[in-house]
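Breakdown of the fold
Take a look at the letters that make up each chain.
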Amino acid sequence: MRRICVVGTGYVGLTTGTCFAELGNHVTCLDIDSAKIESLRRGEMPIYEPGLAELVLDNQARGRLNFLAERDTAAYNAALAEAEFVFIAVSTPTREGSDRADLRAVRSCAERIAPHLSDGVAIINKSTVPIGAGDWVAAIVDRYKKPESRFAVVSNPEFLREGSALHDFMQPDRVVLGSTNREAAERVAQLYLTLRCRVMVTDLRTAEMIKYASNAFLATSISFINEIAQICERLGADVKEVAAGMGYDKRIAGAFLEAGLGFGGSCFPKDVKALAHMADFSGCHPQLLRAVLDINYDQRSRAVAKLRQALGGLAGKHIGLLGLAFKPNTDDMREAPSIDISRQLLAEGATVAAYDPQAAENARLSIQGIQYRSDPYDVAQDADALVLVTEWREFRALDLRRLRHAMRSAVFFDGRNLYEPEDVRAAGFTYLGIGRGYVPEPFAGDIDQELYLVHEANGAGASAAAAP
Ligand code: UGA
């Protein structure tokens, strides 16, 4: 049984600590927030993550998982002094007024733990930190540690998705470990041994970059398909089938090609911004990353524009939102598209009512001026348009006719492409979607353009271009 300390009981720290306890280790989770520690001890979760509460309670009961406030000084010292592995899992949000990661929590954590560390400890960084931050943490610990104690810093980025974090921890595609100390990295690798997954050992900075590059790549896929969706709308193609057709190519695979209202959450927006900032700072020109962000944020205003057009203006219109969380199976509202969409609708004089199975409480903190309702049919009452914002399972089989009958006018905007356009229309709605269900714009008598397209289709464009 290995002794592990996890500093920070946010979403990453809590999942990591609980899963390591489940794997048979003795885990102490530390946090500076005593109230949070108290509620965790009572078995109350600070976040909604499927399956987590059960696992926390079970491992607490077995004595493998403990929660400790850093205020309990003696216990805190003992927990750190006995730990062979200390995970740093504190948050690194975007710094206010800039795109860079805010590292204050990491700095203060490194300063606090350093004097209490056991000799030979591995300090493992789970927080997403800018490239080079592992060396910086090592320098801080070196300054504050007991003179005789030795330590190594290992970067071990997390690839957990909210909503499926336990699955992602227990069945990872890979574990990445970066360190200048190979022996320490291999010791950390032993912690993951029972998961029988691919473990990649590399240097510190490469490991840190793998995290940013992975998130930026996935975000790029989403913005890519959202741009394709926009083109599909104009030309009358169906983006859902386009993505499926692309996905059959093994080189493309097809994941993260679901067009929608764009990405949100605490990771993609923050990490793409931070990577672009690092690139700028080091003299690079991150034009692709900037485009990924632009497309993503435009996706929200484009949704409002579609509603405006379909309803002939937004002033005085009642809009219902189905879902508020940035994605299903979470109560997380950080960077949720629903925030920008609601604000823009309210700013144009619409009223907004919404229902979310888990996120309403958090939403009240980020969105003011909307009404919170108790189910989708309640949201539909007297609405002019419904927008499906988050693809919760319970929104996949709505009684469309019942919704339609409750409404004042009948626009259904499927912001996650869950429904077939014809089914929505059959229920009496005007259908709006993302990159599907649109009738191509006629050529309006522009014979040249029409001929040009016909020529292209017959390959004449290509041979003409090839002619000398
Ligand atoms: C993401 C990564 O997937 C994790 O690997 C990573 O560990 C995590 O960030 C992190 O850095 O901590 P997460 O933000 O929980 O995880 O959620 P995702 O499931 O990746 O979805 C992110 C956003 O992209 C959501 O807003 C989702 O609606 C959107 N999305 C995703 C799409 O719009 N289309 C897709 O095809 C996939």
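No experiment lies behind these values; they were computed from the predicted model shown.

Within the protein chain one finds 19 helices and 14 strands. A compact globule built from 468 residues should have a C-alpha radius of gyration of about 23 Å, and the protein chain, at 25 Å, falls within 12% of that. With respect to the three principal axes, the spread of C-alpha positions in the protein chain is 85 × 65 × 40 Å. Burial statistics for the protein chain: of 468 residues in total, 51% are counted as buried. Here the analysis covers contacts within the protein chain between residues at least 6 apart in sequence; of these, 72% occur between residues at least 24 apart.

Attention shifts here to helix α10 (residues 239-247). Residues spaced three or four apart along an α-helix face the same direction, because each turn holds 3.6 residues. Looking at α10, one finds that the buried residues are V239, A243 and G247. Angularly, the buried residues of α10 cover 80° about the axis, an arc narrow enough to put them on a single face. Sitting at the head of α10, D238 places a side-chain oxygen 2.9 Å from the backbone nitrogen of K240.

Per the stated rule, a full pass over the model turns up 0 disulfides. With no disulfide of its own, C197 lies 13 Å from the sulfur of C19, the closest cysteine sulfur.

A few words now on the site of the ligand. Not every one of the 20 residues close to the ligand is listed here, only the nearest: E158, E162, K211, N215 and C267. In this structure, an oxygen atom belonging to the ligand sits 2.9 Å away from a main-chain N or O atom of E258. Contacts to the ligand include F326, whose backbone N or O atom sits 3.3 Å from an oxygen atom. When isolated, the ligand has an accessible area of 710 Å², and the protein chains bury 92% of it. For the shell around the ligand, the leading source of residues is helix α9 (residues 204-235), giving 3 residues. The class makeup of the residues in the shell around the ligand is 9 nonpolar, 3 polar and 8 charged. Split by domain, the shell around the ligand shows at least three residues from each of two domains, domain 1 (3-202) and domain 2 (215-432).

Right, let's talk about the nonpolar core for a bit. Counting residues in each nonpolar core, the largest one holds 61 residues, and the members touching the most others are L307, I319 and L345. By size, the runner-up hydrophobic cluster in this structure holds 39 residues, among which are V27, V56, F67 and A122.

A separate point is the pattern of salt bridges. Enumeration over the complete set of coordinates arrives at 30 salt bridges. R41 is the salt-bridge partner of D72, the closest N and O atoms lying 3.9 Å from each other. Linking D72 in the loop between β3 (65-69) and α4 (73-82) with R41 in helix α2 (residues 34-41), this pair joins segments that are 31 residues apart in sequence. We note a salt bridge from R408 to D384, for which the minimum N-O separation is 2.8 Å. Of the two residues, R408 sits in the loop between α16 (400-406) and β13 (411-414) while D384 sits in the loop between α15 (376-380) and β12 (385-388), which places them 24 residues apart along the sequence. The partly exposed category is assigned to R408, whose relative accessible area is 47%.

All right, on to the sheet that holds strand β14 (residues 430-432) then. Remark on secondary structure: sheet strands pair via backbone hydrogen bonds, oriented parallel or antiparallel. Overall, parallel pairing links the 6 strands, which are arranged β11-β10-β9-β12-β13-β14 in an open sheet. The sheet is open, and its two borders are formed by β11 (371-372) and β14, each paired with just one other strand. Here strand β10 (residues 351-355) pairs with β11 via 2 bridges, running parallel. If you follow A354 over to β11, its bridge partner there is Y372. Sitting on the sheet, helix α12 (residues 287-311) touches β9 (318-322), β12, β13 and β14, and the angle it makes with β13 is about 160°.

Our focus in this paragraph is the packing of aromatic side chains. Scanning the entire structure with this criterion turns up 9 aromatic pairs. Look at F412 and Y419: their rings are 5.8 Å apart centre to centre, the planes differ by 85°, and that puts the pair in the edge-to-face class. A relative accessible area of 0% means that F412 is categorised as buried. Among the aromatic residues, those joined into a cluster by ring pairs are F20, F87, F169 and Y192. For R364, the ring lying beneath its charged end belongs to Y372, and the centroid distance is 4.4 Å. It is R402 that lies over the ring of Y377; its NZ or CZ is 3.8 Å from the centre.

Each assigned domain of the protein chain is listed with its residue range as follows: domain 1 (3-202) and domain 2 (215-432). For domain 1 versus domain 2, the distance between C-alpha centres works out to 33 Å. At the junction of the two partners, domain 1 supplies 15 residues and domain 2 supplies 16 residues. Summing both sides of the interface, domain 1 and domain 2 together bury roughly 1,400 Å²; the carbon and sulfur share of this comes to 54%. Considering only the surface of domain 1 that becomes buried against domain 2, Y48, D99 and E162 emerge as the three largest contributors, covering 50% of it.

Our focus in this paragraph is the pairing of β10. Counting buried residues in β10 gives 4 out of 5 residues, a clear majority hidden from the surface. When β9 meets β10, the two strands line up parallel, connected through 5 bridges. Of the residues in β10, the one forming a bridge with L321 is A354. Handedness of the β9-helix α13 (residues 337-347)-β10 crossover: right-handed.

On to unusual backbone geometry, then. With a phi angle near 50°, R196 is a residue other than glycine that sits in the positive phi range. The class for R196 is exposed, based on a relative accessible area of 77%. The phi angle at A253 is positive, at roughly 70°, despite the residue not being glycine. Here A253 shows up in the loop between α10 and α11 (268-281).

Procedures and definitions
Residues numbered from 1 in each chain as written. Predicted model: local features only at pLDDT ≥ 70, side-chain atom pairs only at ≥ 80, totals over all residues. Heavy atoms only, no water. Helix = DSSP H or I, 4+ residues; strand = E, 2+ residues; numbered from the N terminus. Rg over C-alpha atoms; globule rule 2.2 N^0.38 Å. Buried < 20%, exposed > 50% of the residue type's maximum accessible area, 1.4 Å probe, protein only. Contact = heavy atoms within 4.5 Å. Arc of directions from axis to C-beta. Polar contact = N/O pair within 3.5 Å; in protein donor to acceptor, adjacent residues only side chain to side chain. Disulfide = S-S within 2.5 Å. Near = heavy atom within 4 Å. Areas by Shrake-Rupley, 256 points an atom, 1.4 Å probe, with all protein chains shown as cover. Nonpolar A, V, L, I, M, F, W, Y, C, P; charged D, E, K, R; others polar. Domains from an automatic or database assignment. Core = buried A, V, L, I, M, F, W, Y, C linked by side-chain atoms within 4.5 Å. Salt bridge = Lys/Arg side-chain N within 4 Å of Asp/Glu carboxyl O. Pairing = 2+ DSSP bridges. Axes fitted to C-alpha atoms, helices over the stretch in contact; angles between N-to-C directions. Phe/Tyr/Trp six-rings, centres within 6.5 Å; stacked < 30°, edge-to-face > 60°. Lys NZ or Arg CZ within 6 Å of the ring centre and 35° of its normal. Buried area = accessible area lost by both parts, 1.4 Å probe. Right-handed = clockwise from strand over helix to strand, strands pointing away.

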